[in-house]
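Coordinates in review
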Amino acid sequence: MVVAQHIIRDATRQNLAAGDLLPSERVMLEKYEIGRGTLREALRLLEFQGVIALKPGPRGGPVMLDPDASHLASSLILLMQLKDAPFSVIIEARTALEPMISRLAAQRISGETLVELKETIDRMHGSLGDQHEFLEANKSFHDLIAWSSGNPLFGYMVDSLLGIMDGTAVGIDYPPHRREAIIVAHTRIYESLSQGDEIGSEERMRDHINAYRRYAQRKYPDLLEQVIQWDRALG
């Protein structure tokens, strides 16, 4: 663990980015004054965390990656299961966080991301008959807004929970009329974001999450009290 921390510290100081090779094994053995077994365990730990990949071949070696939130997601969902946390805690967290995230995004979202955001709405229009594709576009919409907040912690938090936020992991379903309502809500949020309207973006996201909460409470009250299972949520 200590060696892995030193490797990341040095990679950060050298401004290494995704795709850059770390120093060779020989260089790191000398630099950190450790044995080969310790170094390889440190590299395996970083590989498991999704920070590096071990590229094979004579010109290979450990290469930096741009890690996603899958490891954070796994840890959070496991911890929630161990605490017997029901699905309702996800809705509570969304109600608290996403309106504020949307407000920040209204200040900071780029024109390029606005184009991507509009594309997710178009995808949802085109997939009203395909719930899987519809929900994938829905996840992308919320993910883009979270990262546009300019706060990477919000980005990783939302990204890590995207696989369970829609409730399908516990059995919540979305009939066509509900999907149409989601498109309307997303369109309103997009319009506020595109205008740089901080208050409007916050309020429309709050309305959207509250509508989702009311729908889930009305149609699936028992499912809201189900504990999120680690294997089901990440399967």
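Residues numbered from 1 in each chain as written. Predicted model: local features only at pLDDT ≥ 70, side-chain atom pairs only at ≥ 80, totals over all residues. Heavy atoms only, no water.

1. Concerning the overall build of the protein
Definition in use: Helix and strand assignments come from DSSP, with helices taken as H or I runs of at least 4 residues and strands as E runs of at least 2, each series counted from the N terminus. Working rule for contacts: check all heavy atoms of both residues, and any pair within 4.5 Å makes them a contact. What sets the accessible areas is the Shrake-Rupley method with a 1.4 Å probe; for residues, cover comes only from the shown protein chains. In this count, Lys and Arg are taken as positive residues and Asp and Glu as negative ones, while His and the chain termini are left out. Throughout, a charge is located at the NZ atom of Lys, the CZ atom of Arg, the CG atom of Asp or the CD atom of Glu.
Per the secondary structure count, the protein includes twelve helices and two strands. Secondary structure elements in the protein, listed N-terminal to C-terminal, are α-α-α-β-β-α-α-α-α-α-α-α-α-α. Overall size of the protein, expressed as C-alpha extent along the three principal axes, is 60 × 40 × 30 Å. The contacts of the protein with a sequence gap of at least 6 include a subset with a gap of at least 24, amounting to 71%. For the protein, the computed accessible surface area is about 12600 Å², with 53% contributed by carbon and sulfur atoms. When the 26 positive and 33 negative side-chain charges of the protein are each reduced to one mean point, those points stand 2 Å apart.

2. Describing the confidence of the model for the protein
Going by this rule: You can read pLDDT as the predictor saying how much it trusts each residue, on a scale of 0 to 100.
Predicted confidence across the protein gives a mean pLDDT of 93, with 98% of residues reaching 70 or more. Averaged over each element, pLDDT in the protein is lowest for helix 12 (residues 230-233) (70) and highest for helix 6 (residues 111-126) (98).

3. Structural notes on the nonpolar core
Put simply, the test is: The term nonpolar core refers to a set of buried residues drawn from Ala, Val, Leu, Ile, Met, Phe, Trp, Tyr and Cys, joined through side-chain atoms within 4.5 Å. The cut-offs for exposure are 20% and 50% of the maximum accessible area for each residue type, with area from a 1.4 Å probe on protein chains only; residues under the lower value are buried, those over the upper are exposed, and the others partly exposed.
Of all hydrophobic cores here, the largest spans 46 residues; its most connected members are Phe 87, Ile 145 and Ile 172. Of all the secondary structure elements, the ones that give two or more residues to this core are helix 4 (70-82), helix 5 (88-108), helix 6, helix 7 (131-148), helix 8 (152-165), helix 9 (176-194), helix 10 (198-219) and helix 11 (221-224). The dominant element in this core, judged by the number of residues it contributes, is helix 7, at seven residues. If we skip the residues at most four places from it in the chain, Phe 87 touches Ile 164, Met 165, Asp 166, Gly 167, Val 170, Ile 172, Tyr 212, Leu 223, Leu 224, Gln 226 and Ile 228. Grouped together as the second largest cluster of nonpolar side chains are 15 residues, Leu 22, Met 28, Ile 52 and Met 64 included.

4. Quick look at the pattern of salt bridges
What counts here: What counts as a salt bridge is simple: a side-chain nitrogen of Lys or Arg found within 4 Å of a carboxyl oxygen of Asp or Glu.
For the structure on display, the rule yields 14 salt bridges. Notably, a salt bridge pairs Lys 31 with Asp 10, separated by 3.1 Å at the nearest N-O pair. Separated by 21 residues along the polypeptide, Lys 31 in helix 2 (residues 25-32) and Asp 10 in helix 1 (residues 2-13) bring together distant segments of the chain. Classification of Lys 31 as partly exposed rests on a relative accessible area of 44%. Under the relative-accessibility criterion, Asp 10 is labelled buried at 7%. The network of salt bridges with common partners includes Arg 103, Glu 198, Glu 202 and Arg 206.

5. Remarks on unusual backbone geometry
With a phi angle near 55 degrees, Glu 33 is a residue other than glycine that sits in the positive phi range. Take Glu 33: it is sitting in the loop between helix 2 and helix 3 (36-48). One non-glycine residue, Asp 84, lies in positive phi territory at about 55 degrees. Within the element layout of this structure, Asp 84 appears in the loop between helix 4 and helix 5. Taking relative accessible area as the criterion, Asp 84 reaches 56% and is therefore assigned exposed.

6. What to know about the pairing of strand 1 (residues 52-55)
Put simply, the rule is: For two strands to count as paired, DSSP must find a minimum of two bridges between them.
Of the strand pairs in this sheet, strand 1 and strand 2 (residues 61-64) are connected by four bridges, and their pairing is antiparallel. Note on strand 2: the bridge partner recorded for Lys 55 is Gly 61. Here strand 1 folds back onto strand 2 in antiparallel fashion, the turn holding five residues, of which Gly 57 has a positive phi close to 100 degrees.

7. Let's talk about the environment of Ser 148
Examined against the element boundaries, Ser 148 turns out to sit in helix 7. Accessibility expressed as a relative area gives 9% for Ser 148, which makes it buried. Residues Ser 148 and Ser 70, spaced 78 residues apart in sequence, show a C-alpha to C-alpha distance of 19 Å.

8. A few points about the packing of helix 7 against helix 8
Rules: The angle between two axes is taken between their N-to-C directions and runs from 0 to 180 degrees, where each axis is a line fitted to C-alpha atoms and a helix contributes only its stretch in contact. Orientation labels follow simple angle bins: below 35 degrees gives roughly parallel, above 145 gives roughly antiparallel, 65 to 115 gives roughly perpendicular, and whatever is left gives oblique. Left-handed describes a crossing whose near helix is turned anticlockwise from the far helix through less than a right angle; right-handed describes the clockwise counterpart. In the scheme used here, Gly and all other residues not listed as nonpolar or charged are polar, with Ala, Val, Leu, Ile, Met, Phe, Trp, Tyr, Cys and Pro taken as nonpolar and Asp, Glu, Lys and Arg as charged.
Put simply, helix 7 and helix 8 touch, their axes get as near as 8 Å, and they point 165 degrees apart. As the angle between them shows, helix 7 and helix 8 are arranged roughly antiparallel. For helix 7 against helix 8, the interelement crossing comes out right-handed. Only Pro 152, Phe 154, Gly 155, Tyr 156, Val 158, Asp 159, Leu 162, Gly 163 and Met 165 of helix 8 make contact with helix 7, whose side of the interface consists of Lys 139, His 142, Asp 143, Ala 146 and Trp 147. Residue composition of the contact of helix 7 with helix 8, by class: eight nonpolar, three polar and three charged.

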